[in-house]
Each structure stands twice: as C-alpha cells, then as structure tokens.
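Listed below are the residues making up each chain.
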Amino acid sequence: GLFILVAWIAYVLIKKYNPKVVVTPANYSTSDWNPEMIPKTELELRLEAAIAQEHYRECVRIYFTFIMKELIRLRRIQWKRELTNYDYILQMMNKDGFSDFNQSVNIYDLVWYGDYEITANEYQAVLPHLENHYKSLTAEHE
C-alpha cells in the first residue's frame, strides 16, 4: 500500500520537477541540522510556520527530524553528522520499527533531496505515515 503511494508520489514529483524551486530553512543550513540539538518546541513552531507558509517540503523535513529525535532518545540509532540516512537504515536493521523507518526515509529522501516543492495534496498523502510513525515512537517508554 505505502510503496504504491510512494511510487505514485515519486512519479508525480518527477513529472512536475522544477529545479529552480528550492526552500531552505531559515536558521539551519543542511550541515547544521542536528536532530539531537534542536529543541522539540522549536520544531513544533517551525512546523506551524512551514504549514502556514505552505512549505510542505520543510514540513516533511521537520517530521523526519521528530522521528530521528525519538529514535535517538530510544537509543535505536546513534546520530553523527557524517552518517547518511542509509547508515541509519543499517543501524535500524532487525530492530522494532525498521519497516516504518525505512518508509519514512524513502519519503524524506524523495521530498528533501529531490529539490522540488510538493503540493498540499502530496503532503496530505504522506502525512499520515509520518505522523503515525512519530506517534508510535513517542508512545514507547524506555
């Protein structure tokens, strides 16, 4: 189900590809984006602002950061600046939540590294997975 959704979104995004439209966060460059160090409340404010400004690409990035923060808190992954999302997938292999994490990485990589904006409808299509993945992690207790 989700694979088909991600494949459809990939098709739609590639079809609409526009390399001139790139949104970067206001205060964090890509190299400064450390999920351990960004306070959750700041992320919540950034999410509200990104939704209000219809910066859905940034919304996906923020949800992915929420997910990463929880995986770090649960000690399922160890964050390091030099690691890639593929490295985190390898860290998650054979751990609870691997499938959800793998799908979240696929969504994030497609949207964030694709350098194009997603529409409100495309965001609404991926939001349930990202929200549910995040909520499932916050519901866990150490």
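Since we're looking at a predicted model, the values are computed, not measured.

Peer 1: How should I be thinking about the overall build of the protein in this particular structure?
Peer 2: The helix and strand tally for the protein stands at six helices and zero strands. Counting helices and strands in the order they occur from the N terminus, the protein gives α-α-α-α-α-α. In the protein, which comprises 142 residues, the share counted as buried stands at 44%. Restricting the contact set of the protein to residue pairs at least 6 apart, pairs at least 24 apart contribute 70%. Surface accessibility of the protein: about 8,100 Å² in total, with carbon and sulfur atoms responsible for 54%.

Peer 1: What am I meant to see in the packing of helix H3 (residues 56–73) against helix H6 (residues 120–138) here?
Peer 2: Axis angle and axis distance: for two packed helices, these are the angle between their axes and the distance between the axes, and together they describe the pair. Viewed as axis vectors pointing N to C, H3 and H6 meet at an angle of 15°, and their least axial separation amounts to 10 Å. The orientation of H3 relative to H6 falls into the category roughly parallel. Every pair of crossing elements has a handedness; the one defined by H3 and H6 is left-handed. Here Tyr56, Cys59, Val60, Tyr63, Phe66, Ile67, Glu70, Leu71 and Arg73 of H3 lie close against H6, whose contacting residues are Ala120, Tyr123, Val126, Leu127, Leu130, Glu131, His133, Tyr134, Leu137 and Thr138. Tallied by class, the residues present in the contact of H3 with H6 amount to 14 nonpolar, two polar and three charged.

Peer 1: How do you make sense of the environment of Leu127 when you look at a structure like this?
Peer 2: Examined against the element boundaries, Leu127 turns out to sit in helix H6. Judged by its relative accessible area of 11%, Leu127 is buried. Distance in space between the C-alpha atoms of Leu127 and Val60 is 7.8 Å, their sequence separation being 67 residues.

Peer 1: Would you mind going over helix H4 (residues 85–92) with me for this structure?
Peer 2: Helical geometry: 3.6 residues make up each α-helical turn, so side chains three or four residues apart lie on a common side. When H4 is considered as a whole, its buried residues turn out to be Asn85, Tyr88, Ile89 and Met92. Here the buried residues of H4 occupy an arc of 105° about the axis, which is enough to place them on one side.

Peer 1: In this structure, what is going on with the nonpolar core? I would like to understand it.
Peer 2: The tendency in soluble globular proteins is for nonpolar side chains to be buried as a group. Ranked by internal contacts, the top residues of the largest apolar core, which has 33 residues, are Val60, Phe101 and Tyr123. Within the residue set of this core, elements represented by two or more residues are helix H2 (40–52), H3, H4, helix H5 (98–112) and H6. Looking at which element gives the most residues to this core, the answer is H3, with eleven residues. Leave out the neighbours within four places in its chain, and Tyr123 touches Leu47, Ile51, Tyr56, Cys59, Val60, Tyr63 and Ile118.

Peer 1: I would appreciate a short explanation of the pattern of salt bridges in the present structure.
Peer 2: Scanning all chains against the criterion turns up three salt bridges. Across the pair Glu42 and Arg46 runs a salt bridge, and its minimum N-O distance is 3.1 Å. Pair noted here: Glu42 and Arg46 are both in helix H2, with a separation of four residues, about one helical turn.

Cut-offs used in this document
- Residues numbered from 1 in each chain as written.
- Predicted model: local features only at pLDDT ≥ 70, side-chain atom pairs only at ≥ 80, totals over all residues.
- Heavy atoms only, no water.
- Helix = DSSP H or I, 4+ residues; strand = E, 2+ residues; numbered from the N terminus.
- Buried < 20%, exposed > 50% of the residue type's maximum accessible area, 1.4 Å probe, protein only.
- Contact = heavy atoms within 4.5 Å.
- Areas by Shrake-Rupley, 256 points an atom, 1.4 Å probe, with all protein chains shown as cover.
- Axes fitted to C-alpha atoms, helices over the stretch in contact; angles between N-to-C directions.
- Parallel < 35°, antiparallel > 145°, perpendicular 65-115°, else oblique.
- Left-handed = near helix turned anticlockwise from the far one by under 90°.
- Nonpolar A, V, L, I, M, F, W, Y, C, P; charged D, E, K, R; others polar.
- Arc of directions from axis to C-beta.
- Core = buried A, V, L, I, M, F, W, Y, C linked by side-chain atoms within 4.5 Å.
- Salt bridge = Lys/Arg side-chain N within 4 Å of Asp/Glu carboxyl O.

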